[in-house]
Amino acid sequence: MIGKIHDIKAHADAKLIVNTELARKILVAFIRDEVMKVGFERAVIGLSGGIDSAAIAFLAAEALGPANVFGLRLPYEASSQDSLDDAQKVIDALGIPHDTVDITPMVEPLFARFPDMNNMRKGNIMARQRMIILYDQSEAFGGLVIGTGNKTEILLGYTTLHGDSAAAMHPLGDLYKTQMRQLARDIGVPDSILTKPPSADLWAGQTDEAELGYTYENVDRLLYLLVDERYSLKEAVAAGFGEAFVTDVWARVQRNHFKRVPPLVCKISKRTIGHDFLYLRDWGK
Amino acid sequence: MKLTIGLAQIAPKLGDVDANLQTHLDYIDRAQQAGVDLLCFPELSLTGYYLKDLTYAVATQPGAGSPVFAPLLAASQARNMDIVVGFVDRDARGRFFIGAAYLSGGTVVHVHHKVYLPTYTLFDEGRYFAWGDAVRAFDTRFGRVGLLICEDFWHVGPPYLLWLDGADLLLMHSASPARGIDAEARLSSVRWVEMMNQAYAGVLTSFVTHCNRVGFEDGFAFGGGSAMYDPDGELIVQGPYYEEALVTAAIDTDDLHRARYRLPLLRDERTGLMMREMQRILSNGGGTR
């Protein structure tokens, strides 16, 4: 069993290596194409100081030109100074237009209205407040909101519905976090952003991996086998992954599927939106 | 005989037939300037690929009576250029096919209906389209030719049948969403298609051309990389990945004879043996689809 898990981990690790030059080329072309063919030339990006939004800013700047990418820093009073500084490094490296909007005075009245509000609710409100600003600036700047979701967090549902999940597109949505890190490194994202622990930065000391209960490295291996290679849960356990880990991860994927699909429509007519009224978003484009 | 083949690696607009027709006419202009005798467009080049419910709206019937085909047929005559286009073919009884049409001298010389409709993973063709039921070679002024559409040549049967039916020039075309990122410089689906087409050219000692579209439809990235292979199985020319291009090369059909002197696979092919064994397999319940 020990030998087997080493084999399967080595297999998954090898498969999770991406040719970052190829990924960059496809994703830059994707952003350019999908922004321009709907009549836009510009993009709006919320810069958290983290690796995902930094990578998206680099890709969008290459796709559309730096002058056409608006970077917004949207701190709350508990946000760390490091996050603000790292977001500024991205702005400086790319030379993109930018602004900083403090969301504290916008969200505090709502927090005060419900004094027993927990961190989860506060975090969701902050994520949605940022969405409101990004979509307002989308109109003001004339740019599409580019989302920063990656495959790991979308599968695990580690996002706020209508918050950070709200965007015109998620160009990194088919790259696992560990693959995204390779891409970020190779397209020039600053070192301090590459090396710090991933965090939603919703409260002091929060890290993704502590909150999720597993490392991205481990969960990406498992998700790669379950999703991309279509291992059954039993096969993943037989390959050497802990049963509790496998069960917990897959329960999360299933429980959060509602975040990955549009709101349900009940079919009562002959032809129904979402069921048998079927067109791509790029209809006519 | 020497002829110049062009592969128009375009990015059709989804469901906008008028815009796509204009793109075809523009590429025909460019191809003529490049001395092209035979110009191939990709699968569903006039309509875009992931049509879903647009299938019914974009369909036409090939011929001078179609407002889409009329200017293409006129161009084939006026420019003295044979043209292969991709379209949705609607038959008289309301069935829809993924079609490829070979146009020459103002007439529709041949129409092929896709015989394998991928309906798995990201593909949903069987939901909308009827299955073609013929694989036929046909005569052109450049020799005997066969047309195949994407999934048709993921199966070994159709290229083999065209070869036995006398085709020396296999014109493949695709709208292939590129997929399968890993450490390699090309995505896994791209490697697969290129490996197959190169192998077909070699084992069938024939010319194989492959015109693949580019551009995006929602999240699908079409890869391009259109290519031509000679009867020795060697790459003649290849277009760029993910970018529009007109890929051209001159070929010499006398290469066919030279390759087949060296490697007489066609002479030695045992069609009778093949037929006997196929009949035995079928009679043993090996499937009749």
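Small disclaimer: the values here were computed from a predicted structure and weren't measured. (Residues numbered from 1 in each chain as written. Chains lettered and ligands numbered in written order. Predicted model: local features only at pLDDT ≥ 70, side-chain atom pairs only at ≥ 80, totals over all residues. Heavy atoms only, no water.)

Undergrad: Please provide a residue-by-residue account of the pattern of salt bridges, values included.
TA: Residues and elements named next belong to chain A. In this structure the tally under the stated criterion is 34 salt bridges over all chains. For Lys151, the salt bridge identified is with Asp228, shortest N-O distance 3.2 Å. Placement of the pair is Lys151 in helix 7 (residues 151-156) and Asp228 in helix 11 (residues 216-228), with a sequence separation of 77 residues. With a relative accessible area of 10%, Lys151 lands in the buried category. The partly exposed category is assigned to Asp228, whose relative accessible area is 35%. (Salt bridge = Lys/Arg side-chain N within 4 Å of Asp/Glu carboxyl O. Helix = DSSP H or I, 4+ residues; strand = E, 2+ residues; numbered from the N terminus. Buried < 20%, exposed > 50% of the residue type's maximum accessible area, 1.4 Å probe, protein only.)

Undergrad: Kindly report on the environment of Ile56(A), identifying the contributing residues and their values.
TA: Residue and element names in this part refer to chain A. In this fold, Ile56 is placed in helix 3 (residues 51-64). Between the C-alpha atoms of Ile56 and Glu209, which are 153 residues apart in sequence, the distance is 21 Å. Setting aside residues no more than four positions away along its own chain, Ile56 makes contact with Ile45, Ile146, Gly147, Thr148, Pro171 and Leu172. (Contact = heavy atoms within 4.5 Å.)

Undergrad: Describe the pairing of strand 7 (residues 143-149) of chain B, with residues and values.
TA: Residues and elements named next belong to chain B. Most of strand 7 sits out of view: five of its seven residues are buried. Pairing of strand 6 (residues 138-140) with strand 7, which is carried by three bridges, proceeds in the antiparallel orientation. By the bridge assignment for strand 7, Thr140 is matched with Gly143. With five bridges joining them, strand 7 and strand 8 (residues 169-174) adopt parallel strand pairing. Within the sheet, the bridge partner assigned to Leu147 lies in strand 8 and is Leu171. Crossover connection from strand 7 via helix 5 (residues 157-164) to parallel strand 8: handedness right-handed. (Pairing = 2+ DSSP bridges. Right-handed = clockwise from strand over helix to strand, strands pointing away.)

Undergrad: Lay out the sheet that holds strand 9 (residues 207-212) of chain B with the relevant residues and their values.
TA: Residues and elements named next belong to chain B. In spatial order, the strands read 6-7-8-9-12-13; together these six strands make up an open sheet with mixed pairing. Looking at which strands have only one partner, the edges of the open sheet turn out to be strand 6 and strand 13 (235-238). Ignoring strand direction, the axes of neighbouring strands in this sheet form an average angle of 20°. Note: strand 9 against strand 12 (residues 227-229), three bridges, orientation antiparallel. (Axes fitted to C-alpha atoms, helices over the stretch in contact; angles between N-to-C directions.)

Undergrad: Could you give an account of the interface of chain B and chain A, with specific residues and numbers?
TA: Taken together, the contacts link 25 residues of chain B with 27 residues of chain A. Here chain B meets chain A over a buried area of about 2100 Å², counting both sides, of which 62% is carbon and sulfur. Ranking the residues of chain B by area buried against chain A places Ile181(B), Phe216(B) and Asp218(B) at the top, with a combined share of 32%. At the boundary of chain B and chain A, one finds two salt bridges. Lys25(A) is the salt-bridge partner of Glu243(B), the closest N and O atoms lying 3.8 Å from each other. Summed over the shared surface of chain B and chain A, the number is twelve residue pairs in polar contact (both at pLDDT 80 or more). For the side of chain B that touches chain A, the secondary structure elements donating two or more residues are helix 4 (125-128) and strand 10 (214-217) of chain B. Considering only residue class, the side of chain B that touches chain A consists of twelve nonpolar, two polar and eleven charged. (Buried area = accessible area lost by both parts, 1.4 Å probe. Polar contact = N/O pair within 3.5 Å; in protein donor to acceptor, adjacent residues only side chain to side chain. Nonpolar A, V, L, I, M, F, W, Y, C, P; charged D, E, K, R; others polar.)

Undergrad: How would you summarise a nonpolar patch on the surface if you had to cite specific residues and measurements?
TA: Among the surface-exposed residues, Ile273(A), Phe277(A) and Trp283(A) lie close enough to one another that they form a single nonpolar patch of about 320 Å² accessible area. Given a relative accessible area of 40%, Trp283(A) falls into the partly exposed group. (Patch = residues over 30% accessible without salt bridge, like charges linked within 9 Å, V, L, I, M, F, W, Y side chains within 5 Å. Areas by Shrake-Rupley, 256 points an atom, 1.4 Å probe, with all protein chains shown as cover.)

Undergrad: Go over unusual backbone geometry with me, naming the residues and quoting the values.
TA: Residue and element names in this part refer to chain B. Even without glycine at this site, Lys52 takes up a positive phi of about 45°. Within the secondary structure, Lys52 is located in the loop between strand 2 (38-40) and helix 2 (55-58). Despite not being glycine, Asn80 shows a phi value in the positive range, around 55°. With respect to the helices, strands and loops of the structure, Asn80 is situated in the loop between helix 3 (69-78) and strand 3 (82-90).

Undergrad: Quick rundown of the packing of aromatic side chains? Include the residues and the values.
TA: Taken as a whole, this structure holds 19 aromatic pairs over all chains when the rule is applied. On the basis of an interplanar angle of 65° and a centroid distance of 6.4 Å, the ring pair of Phe277(A) and Trp283(A) is categorised as edge-to-face. Ring centres 5.2 Å apart and planes at 70° place the aromatic pair Tyr56(B) and Phe96(B) in the edge-to-face group. Placement of Tyr56(B) in helix 2 and of Phe96(B) in strand 4 (residues 96-104) is noted, with a sequence separation of 40 residues between them. (Phe/Tyr/Trp six-rings, centres within 6.5 Å; stacked < 30°, edge-to-face > 60°.)

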